[in-house]
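Close look at the chain arrangement
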Amino acid sequence: MALQGPEEVGEQVEEPEDLDDQDASSISPAEEITLPPGTGGDEEPEEAFLLPWDRFSSWLHCICVVGFDLELGQAVEVKTTRICYLSFPDSNSGCLGDTQFCFRFRQGSNRKSSLGCFLENTDRDAPPCLKREQGHYYGYVYFRQVRDKSLKRGYFQKSLVLISKLPYVTFFHSLLKIMAPEYFEKQEPCLEAACNDIDRWPTPHPGRVLTLPIMGVVIKVRIPTCYDKPGTSQLVQSAQGDSLVSIILPTIHEVDLFRCFYPVFFHIQMLWELVLLGEALVVMAPSPAESSETVLALVSCVSPLRYCSDFRPYFTIHDSEFKEYTTRTQAPPSVILGVTNPFFAKTLQHWPHIIRIGDMKQAEVAKQMKVKKLKNLKTLDSKPGVYTAYKPYLSKDEEIIKQLQKGVQQKRPSAAQNAILRRYFLELTQSFIIPLERYVASLMPLQKSISPWKSPPQLRPFVQPDFMKTLEKAGPQLTSRLKGDWIGLYRCQHFLKSPNFDGWFRSRKREMTQKLEALHLEALCEEDLQQRIQKHTEVEAVDLVLKLKDKLSQAEREQLPVRPGTLSKLRAHIQAVILALPEDLQGILHKPPTS
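Thresholds applied
Residues numbered from 1 in each chain as written. Predicted model: local features only at pLDDT ≥ 70, side-chain atom pairs only at ≥ 80, totals over all residues. Heavy atoms only, no water. Helix = DSSP H or I, 4+ residues; strand = E, 2+ residues; numbered from the N terminus. Buried < 20%, exposed > 50% of the residue type's maximum accessible area, 1.4 Å probe, protein only. Polar contact = N/O pair within 3.5 Å; in protein donor to acceptor, adjacent residues only side chain to side chain. Phe/Tyr/Trp six-rings, centres within 6.5 Å; stacked < 30°, edge-to-face > 60°. Lys NZ or Arg CZ within 6 Å of the ring centre and 35° of its normal. Axes fitted to C-alpha atoms, helices over the stretch in contact; angles between N-to-C directions. Contact = heavy atoms within 4.5 Å. Core = buried A, V, L, I, M, F, W, Y, C linked by side-chain atoms within 4.5 Å. Domains from an automatic or database assignment. Salt bridge = Lys/Arg side-chain N within 4 Å of Asp/Glu carboxyl O. Pairing = 2+ DSSP bridges. Disulfide = S-S within 2.5 Å.

1. What about the side chain of T251?
Here T251 shows up in the loop between β11 (247-248) and α8 (257-261). Assessed through its relative accessible area of 18%, T251 is described here as buried. For T251, the side chain forms a polar contact with the main-chain nitrogen of E254, separated by 3.2 Å.

2. As for the packing of aromatic side chains
In this structure the tally under the stated criterion is 41 aromatic pairs. Plain terms: the ring middles of Y307 and F311 are 6.1 Å apart, the flat faces sit at 65° to each other, and that makes the pair edge-to-face. Here the aromatic cluster, defined as three or more aromatic residues joined through ring pairs, consists of W272, F432, Y439, F462, F467, Y490, F495, F501, W504 and F505. Directly above the aromatic system of F311 lies the positively charged group of R104, at a separation of 4.0 Å from the ring centroid. K165 extends its terminal NZ or CZ atom over the ring of Y137, reaching a point 4.6 Å from the ring centre.

3. Describing the packing of helix α6 (residues 169-186) against helix α7 (residues 188-198)
Close contact between α6 and α7 brings their axes to 7 Å; oriented N to C, the two are set at 145°. For the pair formed by α6 and α7, the contact residues are M179, E182, Y183 and K186 on the first element and E188, P189, C190, L191 and A194 on the second.

4. Quick look at the nonpolar core
Soluble globular proteins: nonpolar side chains tend toward being buried together. In terms of nonpolar packing, the biggest core is built from 109 residues, with W59, F171, W272 and L436 touching the most fellow members. Shared between two domains, this core holds at least three residues of each, these being domain 1 (54-196) and domain 2 (256-502). When neighbours within four sequence positions are excluded, W272 is seen to be in contact with C301, V302, L394, F425, L428, T429, F432, W486 and L489.

5. Focus on the pattern of salt bridges
The tally for this structure, following the rule as stated, stands at 26 salt bridges. Salt-bridge contacts for E293 lead to R259; the nearest nitrogen and oxygen are separated by 2.7 Å. Remark: R259 occurs in helix α8 and E293 occurs in helix α10 (residues 288-300); sequence separation between them is 34 residues. Overall, E293 belongs to the partly exposed group, its relative accessible area being 24%. The class for R259 is partly exposed, based on a relative accessible area of 47%. Measuring nitrogen to oxygen at the nearest pair gives 2.6 Å for the salt bridge that ties R571 to E556. Of this pair, R571 sits in helix α21 (residues 566-579) while E556 sits in helix α20 (residues 538-558), placing them 15 residues apart in sequence. Given the relative accessible area of 40%, E556 is considered partly exposed. Because the salt bridges share partners, they merge into one network encompassing R104, R106, E133, R306, D310, R312, D319, E321 and E324.

6. Some points on the environment of E472
Looking at the element boundaries, E472 is found in helix α16 (residues 464-474). For E472, a relative accessible area of 62% puts it in the exposed group.

7. Details of unusual backbone geometry
Along the chain, S303 connects to P304 via a cis peptide bond; the corresponding omega equals 15°. By secondary structure assignment, the location of P304 is in the loop between α10 and β13 (310-312). In the Ramachandran plot, W53 falls in the positive-phi region, its phi being about 75° despite a non-glycine side chain. Inspection of the secondary structure puts W53 in the loop between α1 (29-32) and α2 (54-59). We classify W53 as buried; its relative accessible area is 3%. The phi angle at K411 is positive, at roughly 55°, despite the residue not being glycine. Mapped onto the fold, K411 is located in the loop between α14 (398-409) and α15 (414-441).

8. Description of the pairing of strand β9 (residues 209-214)
The alternating pattern of β9 places L210, L212 and I214 on a buried face and V209, T211 and P213 on a face that is not buried. Summarising the sheet, β9 and strand β10 (residues 217-222) pair through six bridges and their orientation is antiparallel. Its bridge partner being in β10, V209 is matched across the sheet by R222. What sits between the antiparallel neighbours β9 and β10 is a turn of two residues, in which M215 has the positive phi angle 55°.

9. Looking at the state of the cysteines
Evaluated as defined, the whole model comprises zero disulfides. Here C195 is not cross-linked by a disulfide; its sulfur's nearest cysteine counterpart is in C62, at 9.7 Å. Classification of C195 as buried rests on a relative accessible area of 0%.

Quick look at the structure:
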């Protein structure tokens, strides 16, 4: 069964029916649930134009229920698709009770959101790691397996899955802890009620503190913004009117780094390098929960840099990319995979870097100091550790290892250990990125070169040899205590050729180009346009109006970072130029453009 919004994934759930088929097991809120959406609190002007179920769709794509029936097993295996397989742990995991994990999969081609323009606006202020996924969906799973003698299999097995474009892993897992137990007890009606609750929520907007009621519980959260100071958490404070608030989430997306890296924390610095360079990594873990959390921890360790390669928190042999990622005819792709099936120990043995996660006692951690050779990895029963031939560029930071070890000995709270490790990764990444930021800023043309009557100047190109020269005097050694071959990390065959650099540079180039467009627009608004058109023909004046209208449209569409009042001033200029023209031309220029 699937509860879904207006757009469709094209995947199948529980019974082998496609989500594109609206049948008795698939309830579309947009078509069948007729309760009107609520206000969701104080509405922003743009939210007043949202249609029924648009709010639901801004948070979730759909809600899926995935079950397994022994009698229908063969039929399910033939007809179902990856959502079904990704929603269940592998049989060897032995996950009794309740288990939560997440997965990520590619979006089908030719599927576009009806909320595209609106969602771009809400994404604008989000930090890089929290921007909505363009080509992928996340699946957040709450799986229950309990003994049930009334069933032939002897077990009740079912998953409640939230499909979303949003990488809010902590938030959605918290949401599932409320929804899933209620669903398993009361079945379908409570999911319809939950959908109606979600459609009364305000849209996810960075910087706002949101109060979100769901099934009798009230969650209070704040979505971070790109303007927040990196490494700080804008905690949601309790207020006098919070008597009805049940849960206050300090974060919507962060996982516990120390708990995830504890089995391999002697190698955290090397793992940071591998993720930074976009190396092919596989995490082999006993359960989907450990697999998905470890992959998410790896991806977040390079924050505030966005990890731009592919990553799959939980990957199975039934995934459509299985052949693509396991072929031996070419080098492994730039991707981080999380797996639990023992079959992968053999299938992915040719991968260059493998992390084995397992249950470990404190005494066993000391044995993990050495990096293991890949040939020693035979099965998933192999000892926990990092299996690789990689030689780190940076010298090992003994200080952070001792600090974390001391915390373990003194039984320092996990939250404190997590904060120490998160701060360490942040400082490491910032030291690496600052030289790049400094060099890219030098590519920006001087403001005095901007003329209102010429096209905006272009950014100078990124020249790798020129950048490498700047590292000798202004490299990471200025901000980091770590020694080693920092320059080697940047070299064109390493970071500068990685998807992470490409994604970062594209983003910075887009921001700087928009800044140049904004400065050009501001310079244009400072000109006396009425006096200028007196020296030109009517044809040239009309051409000026059309160009100014294009500029205004671009500024509104791309939300250029112009000074307050600039767009109002531009509209006034356009109006003044039109009024200076003959009446027949005024009538034509005042007409709205036809599509």
